[in-house]
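Here is how the chains run, residue by residue.
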Number of protein chains: 2
Amino acid sequence: MTLATVLDAIDTDLDAALGRLCDLLAIPSISTDPANAGDCVRAANWLVDDLSALGFKAEVRETPGHPMVVAHGGDGDGPHVLFYGHYDVQPVDPLDLWNRPPFEPALEDTPKGRVIRARGASDDKGQLMTFIEACRAWKAVHGTLPGKITIFFEGEEESGSPSLVPFLQDNADELKADIALICDTGLFADRVPGIVTQLRGLVGEQITITGPNKDLHSGMFGGIAMNPARVLTRLLAGLHDDNGRVTLPGFYDGVPPLPDDLRAQWAALNFDADAFLNEVGLSAPAGETGKTPLEMIWSEPTCEINGMWSGYTGAGFKTVLPSQAHAKVSFRLVGQQNPEAIRDAFRAYVTRNLPEDCTAEFHEHGASPASQMATDHPAFEQARTALSDEWPDTAAFVGSGGSIPVAGYFKSILDMDSMLIGFAKDDDALHSPNEKYDVESFHKGTRSWARILNALNG
Amino acid sequence: MTLATVLDAIDTDLDAALGRLCDLLAIPSISTDPANAGDCVRAANWLVDDLSALGFKAEVRETPGHPMVVAHGGDGDGPHVLFYGHYDVQPVDPLDLWNRPPFEPALEDTPKGRVIRARGASDDKGQLMTFIEACRAWKAVHGTLPGKITIFFEGEEESGSPSLVPFLQDNADELKADIALICDTGLFADRVPGIVTQLRGLVGEQITITGPNKDLHSGMFGGIAMNPARVLTRLLAGLHDDNGRVTLPGFYDGVPPLPDDLRAQWAALNFDADAFLNEVGLSAPAGETGKTPLEMIWSEPTCEINGMWSGYTGAGFKTVLPSQAHAKVSFRLVGQQNPEAIRDAFRAYVTRNLPEDCTAEFHEHGASPASQMATDHPAFEQARTALSDEWPDTAAFVGSGGSIPVAGYFKSILDMDSMLIGFAKDDDALHSPNEKYDVESFHKGTRSWARILNALNG
């Protein structure tokens with residue numbers, strides 16, 4: 001019955017919990033922009049204060065970048081869990097596409113239900129607060145925390161996590177637990193909870209092509225001078241063939257064929273690709289010919305242009321022949337694809353195809369391999385049952401197209417398996433203007449953690 | 001003797017003349033940026049005041065865009081000349097590459113001599129002032145202006161001259177003269193004056209490709225969602241073949257073969273392509289295989305990317321799959337190429353090659369045909385002799401890669417031939433950071449106009 005009491009406490013406290021979330025969302029902790037470094041520290045301190053109030057021994061831990069939050073609390077015979085989330089958020093541009101200031105969170109009633117609107121509402125502040133609120137309710141009912149818990153929040157997830165690996169290495173003994181709980185993923189379908197068992201990796205690259213030593217007049221030099229923007233478009237256009245397959249030599253080394261049982265399990269999910277694409281104004285899966293939609297986002301690697309710029313981009317027109325052209329390119333990795341080998345293949349391809357009078361400069365923006373969870377750990381089945389009790393549909397083991405490198409690092413550095421359980425929805429507009437998190441995700445997410453922690457400690 | 005006296009007056013007055021030029025350069029009359037509209041009016045008024053002081057009947061004439069300056073003065077038996085220049089300038093970005101504020105003009109001593117450093121120093125304020133200073137010196141010596149002169153300055157040359165054609169049509173009787181003098185071109189070589197007899201035309205286009213209806217998370221959607229940046233790179237990369245030839249159907253219609261006599265004349269100029277390219281950090285002519293360097297910049301059409309942008313272009317990295325990708329593209333035209341036909345061919349090519357789920361939007365940024373001067377008019381030979389007297393080398397009839405549409409409009413609307421005579425140098429950094437104008441160009445340019453006006457009225 002005590003679980004029911006905890007769930008009731010969560011229901012009763014919902015409005016206050018939403019208020020606490022809005023306080024955290026009001027802090028513009030954009031990790032990729034140096035101008036917001038102070039805000040990242042403020043967000044970390046806010047979390048330490050809140051966790052301390054729950055009885056955790058919580059601390060802000062300095063790093064060369066933004067600080068980590070580490071908290072320890074509780075006890076019991078159940079498994080010692082490490083809960084992970086990140087308090088940093090994506091940049092907000094283009095700002096003019098937001099229907100309200102991104103760091104002035106508000107509750108909005110929409111045709112699809114009540115939402116919390118703000119940058120970070122879904123990725124990841126709203127999600128990490130579901131776990132904290134579950135602990136709060138448990139504490140209120142039991143006077144103790146739900147089992148032995150270590151909480152670990154980072155502030156560099158949206159900017160390549162430069163400090164994460166060294167921090168895990170330096171604090172391995174302190175952070176090692178029986179299993180990690182990571183809340184940075186989504187529901188499979190609108191109301192179907194999922195436990196992610198495979199994640200794509202990520203390689204980020206920035207490239208600058210330089211031709212003339214300064215911007216030139218396209219009348220005086222057009223036709224005789226190398227145009228680096230033209231060179232860049234040829235290089236980027238050559239990265240895919242006409243079937244949408246990446247052309248880099250060796251790119252598909254380590255990409256496993258999809259196992260038949262997984263193929264069958266995914267087919268049973270009846271993924272509605274049309275609805276998924278229509279939501280964002282598209283109608284046709286644009287991936288490699290012959291692959292299913294779920295393969296395109298879960299088990300196939302990608303190469304995407306995330307940004308590019310060259311020459312005059314302001315109002316009006318400027319007949320300039322630019323000196324430089326830039327692009328930010330990322331690769332999503334699967335199976336055993338080697339991040340560094342793929343970075344090298346990309347750089348070799350560019351260098352090999354550079355025309356005379358052009359030079360290329362590269363800057364790396366992180367690299368992480370894909371990861372695969374060991375679903376035979378008993379906690380997976382206990383969590384799946386607990387989730388199925390909370391939600392109308394049975395929980396599924398699914399993949400994720402996103403990269404959550406920390407799961408790979410927990411395995412490689414702490415030899416710890418991870419359960420990735422999250423409550424975001426496909427229309428949450430992660431990384432986009434008008435990001436939101438459904439109040440239902442927040443509320444049932446909190447209840448879900450109470451059920452899972454109860455099951456793990458039952 | 002009187003010409004010598006005028007030339008002496010020019011020499012004596014040089015410092016004061018440079019001071020006047022710096023006053024005009026200090027006005028940031030950037031025509032393409034609406035924020036500078038007031039500065040364009042200030043520049044026009046400054047010129048009207050200066051011309052009035054010389055005895056011209058000068059007026060600022062309103063247009064739907066930036067105003068024109070029209071002034072009439074002088075008399076005599078020589079041909080009635082219309083002098084044209086433009087008081088507007090290019091934008092200044094990237095501002096951080098300037099070694100001083102672009103609108104705080106200053107004289108600098110460089111290894112190659114004394115220069116005036118400021119945006120517009122060479123294009124075109126410094127050049128138009130050479131004519132005004134020649135008139136000033138003549139007036140000081142003779143008490144009259146050097147012949148019957150109409151002066152016509154526009155303020156939209158750097159932004160497609162939207163008001164020019166209607167203004168010429170509405171004021172044809174007033175502006176028609178025996179011949180036009182246009183000062184917006186350069187010396188052929190550092191000290192070899194040129195009279196431009198052919199000019200390339202220009203078509204400006206802006207294109208926006210839209211895929212998803214908002215920016216997406218490249219983890220969640222990467223691999224299944226159409227990326228408009230990838231679509232744009234493929235479209236732009238397809239505009240040239242491997243020999244640097246433009247692929248648009250019908251693009252070369254109306255491009256004449258280079259006449260043998262012109263080919264011989266240009267060969268005799270001994271154009272130093274290596275020096276021309278080395279000056280901007282390049283070493284190899286990048287135009288169509290088999291064409292000479294002078295053909296590439298004077299008699300061959302081009303297609304250039306002047307700007308492009310998509311997705312995240314700030315500091316750090318953002319794994320966004322952009323909703324839109326943009327480019328500014330221009331075409332330089334020669335012979336009888338039809339600007340509208342080429343704009344249509346470009347739009348048809350883009351539309352034809354758009355994948356499912358992508359839309360294209362186009363915005364036009366001006367269009368003008370190429371033009372060819374009638375060098376049999378006696379003024380051409382008189383001017384060539386006068387220029388040859390001032391400069392160490394004999395003046396040459398040359399081409400220009402730049403577009404000076406007004407010359408074409410003078411012919412088509414006013415039935416008036418133009419002599420394009422200018423004193424800019426290849427290293428003036430037109431449209432680039434650290435634009436400059438050599439004091440020698442300004443000084444000998446002023447003396448050149450005195451000689452030419454003397455010859456025309458002799």
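Residues numbered from 1 in each chain as written. Chains lettered and ligands numbered in written order. Predicted model: local features only at pLDDT ≥ 70, side-chain atom pairs only at ≥ 80, totals over all residues. Heavy atoms only, no water.

Named according to an unreviewed UniProt entry, chain A is M20/M25/M40 family metallo-hydrolase originating from Meridianimarinicoccus aquatilis.

J.: Hey, could you run me through empty space enclosed by the protein in this one?
T.: Inspection of the entire model under this criterion finds 4 cavities of 30 Å³ or more. Of the pockets and cavities examined, the largest cavity occupies roughly 140 Å³. If you trace the largest cavity, you find 17 residues lining it, with Gly223(A), Gly244(B), Gly287(B), Glu288(B) and Pro301(B) closest to the centre. Classifying every residue of the lining of the largest cavity gives 7 nonpolar, 5 polar and 5 charged. Taken together, Lys214(A), Asp215(A), Leu216(A), His217(A), Met220(A), Phe221(A), Val280(B), Asp426(B), Ala429(B), Leu430(B) and Ser432(B) form the lining of the second largest cavity. The residue inventory of the lining of the second largest cavity, partitioned by class, reads 6 nonpolar, 2 polar and 3 charged. (1 Å grid on protein atoms, 1.4 Å probe; cavity = no way out; pocket = protein on both sides within 12 Å on 5 of 7 lines; lining within 4 Å. Points joined across faces, edges and corners; volume = space filled by probe spheres on them. Nonpolar A, V, L, I, M, F, W, Y, C, P; charged D, E, K, R; others polar.)

J.: Help me understand the packing of helix 7 (residues 228-237) of chain A against helix 7 (residues 228-237) of chain B, please; the structure alone is not making it clear to me.
T.: Packed helices, taken two at a time, are described by their axes: the angle between them and the distance between them. Put simply, helix 7 of chain A and helix 7 of chain B touch, their axes get as near as 8 Å, and they point 120° apart. What the angle tells us is that helix 7 of chain A and helix 7 of chain B run oblique. The handedness of the crossing between helix 7 of chain A and helix 7 of chain B is left-handed. Residues Thr233(A), Arg234(A), Leu236(A) and Ala237(A) of helix 7 of chain A form the contact with helix 7 of chain B, whose own contacting residues are Thr233(B), Arg234(B), Leu236(B) and Ala237(B). Residue classes in the contact of helix 7 of chain A with helix 7 of chain B are distributed as 4 nonpolar, 2 polar and 2 charged. (Axes fitted to C-alpha atoms, helices over the stretch in contact; angles between N-to-C directions. Helix = DSSP H or I, 4+ residues; strand = E, 2+ residues; numbered from the N terminus. Parallel < 35°, antiparallel > 145°, perpendicular 65-115°, else oblique. Left-handed = near helix turned anticlockwise from the far one by under 90°. Contact = heavy atoms within 4.5 Å.)

J.: Would you mind showing me how to read the relation of the copies chain B and chain A here?
T.: Here two copies of a chain appear, and what relates them is a rotation about an axis with a shift along it. Superposition of chain B onto chain A requires a rotation of 180° combined with a translation of 0.0 Å along the rotation axis, giving an RMSD of 0.1 Å. Such values leave the two copies arranged in the relation of a two-fold axis. When the interface residues of chain B are mapped onto chain A, 100% of them again fall at the interface, so both copies present the same face. (Least-squares fit on C-alpha atoms with pLDDT ≥ 70 in both.)

J.: What should I look at first to understand the pattern of salt bridges in this one?
T.: Side-chain pairing between opposite charges can occur once the charged atoms of the two side chains come close. This model, assessed by the stated rule, comprises 66 salt bridges over all chains. Note that Asp427(B) and Lys436(B) form a salt bridge whose closest N and O atoms lie 2.8 Å from each other. Judged by its relative accessible area of 14%, Asp427(B) is buried. For Lys436(B), the salt bridge goes to Asp438(B), with nearest N and O atoms at 2.4 Å. What makes Lys436(B) buried here is its relative accessible area of 6%. The exposure class assigned to Asp438(B) is buried, which follows from its relative accessible area of 7%. Where salt bridges share partners, they join Lys112(A), Glu279(A), Lys425(A), Asp427(A), Asp428(A), Lys436(A), Asp438(A) and Glu440(A) into one cluster. (Salt bridge = Lys/Arg side-chain N within 4 Å of Asp/Glu carboxyl O. Buried < 20%, exposed > 50% of the residue type's maximum accessible area, 1.4 Å probe, protein only.)

J.: How do you make sense of helix 11 (residues 339-352) of chain B when you look at a structure like this?
T.: An α-helix turns once every 3.6 residues. As a result, residues three or four positions apart point the same way. Residue and element names in this part refer to chain B. In this model, helix 11 (14 residues) spans 20 Å end to end at C-alpha, consistent with the 20 Å of a helix rising 1.5 Å per residue. Listed as buried for helix 11 are Pro339, Ile342, Arg343, Ala345, Phe346, Tyr349 and Val350. Axial view of helix 11: buried residues confined to an arc of 160°, hence all on one face. Near the N-terminus of helix 11, the side chain that reaches the backbone nitrogen of Glu340, with its oxygen 2.8 Å away, is that of Asn338. (Expected span 1.5 Å × (residues − 1). Arc of directions from axis to C-beta. Polar contact = N/O pair within 3.5 Å; in protein donor to acceptor, adjacent residues only side chain to side chain.)

J.: Any chance you could explain the interface of chain B and chain A here in plain terms?
T.: Often the size quoted for an interface is simply the accessible area lost on bringing the parts together. Opposite the 87 residues of chain B that make contact, chain A presents 87 residues. For the pair chain B and chain A, the summed buried surface comes to about 7900 Å²; carbon and sulfur atoms form 56% of the total. The largest share of the area that chain B buries against chain A comes from Ile224(B), Met308(B) and Phe317(B), three residues that together contribute 11% of it. One can count 2 salt bridges joining chain B with chain A. Close ionic contact of Arg234(A) with Asp242(B) constitutes a salt bridge, the shortest N to O distance being 2.8 Å. Inspection of the region where chain B meets chain A yields 47 residue pairs in polar contact (both at pLDDT 80 or more). Elements represented by at least two residues in the side of chain B that touches chain A include exactly strand 9 (201-210), strand 10 (216-217), helix 7, helix 9 (273-278), helix 10 (293-299), strand 11 (302-311), strand 12 (320-321) and strand 13 (324-333) of chain B. Tallying contributions element by element places strand 11 of chain B first for the side of chain B that touches chain A, with 9 residues. Taken together, the residues that form the side of chain B that touches chain A break down as 36 nonpolar, 33 polar and 18 charged. (Buried area = accessible area lost by both parts, 1.4 Å probe.)

J.: Help me understand the confidence of the model for chain A in this model?
T.: Where the model shows low pLDDT, its predicted coordinates should not be examined in detail. Model confidence for chain A is summarised by a mean pLDDT of 94, while 100% of its residues fall at 70 or above. We note a pTM of 0.77 for the whole complex and an ipTM of 0.77 for its interfaces. (pLDDT = per-residue confidence, 0-100.)

J.: I keep staring at the packing of aromatic side chains and nothing clicks. Help me out?
T.: Pairs of aromatic rings are described using the distance from one ring centre to the other and the angle between the two planes. All names here are of chain A. In total, this model carries 40 aromatic pairs over all chains according to the counting rule given. Centroid distance Phe331 to Phe346: 5.6 Å. Interplanar angle 65°. Geometry classified as edge-to-face. One end of the pair, Phe331, is in strand 13 (residues 324-333); the other, Phe346, is in helix 11 (residues 339-352), with 15 residues separating them in the sequence. For the pair Phe331 and Phe346, one class covers both residues: buried. Taken together, the aromatic side chains of Phe83, Phe131, Phe153, Trp391, Phe423 and Trp449 make up a single cluster linked through ring pairs. A cation over a ring is seen here: Arg384 above Phe397, with NZ or CZ 5.5 Å from the ring centre. (Phe/Tyr/Trp six-rings, centres within 6.5 Å; stacked < 30°, edge-to-face > 60°. Lys NZ or Arg CZ within 6 Å of the ring centre and 35° of its normal.)

J.: Looking at this structure, I do not really get the domain arrangement of chain A. What am I missing?
T.: Residue and element names in this part refer to chain A. If you check the domain split of chain A, you get domain 1 (3-199 + 371-456) and domain 2 (201-255 + 301-368). Listed by partner, the interface residues are 6 residues for domain 1 and 6 residues for domain 2. Taken together, the two surfaces of domain 1 and domain 2 that pack against each other cover about 370 Å², and 41% of this comes from carbon and sulfur. Between the two partners, domain 1 and domain 2, sit 0 salt bridges. Connecting domain 1 to domain 2 are 0 residue pairs in polar contact (both at pLDDT 80 or more). (Domains from an automatic or database assignment.)

J.: What am I meant to see in the environment of Leu107(B) here?
T.: Residues and elements named next belong to chain B. Checked against the element boundaries, Leu107 lands in strand 4 (residues 106-110). Here the alpha-carbon distance between Leu107 and Asp11, two residues 96 residues apart in the chain, equals 17 Å. Beyond its immediate sequence surroundings of up to four residues, Leu107 is in contact with Leu18, Arg114, Val115, Ile116 and Val439.

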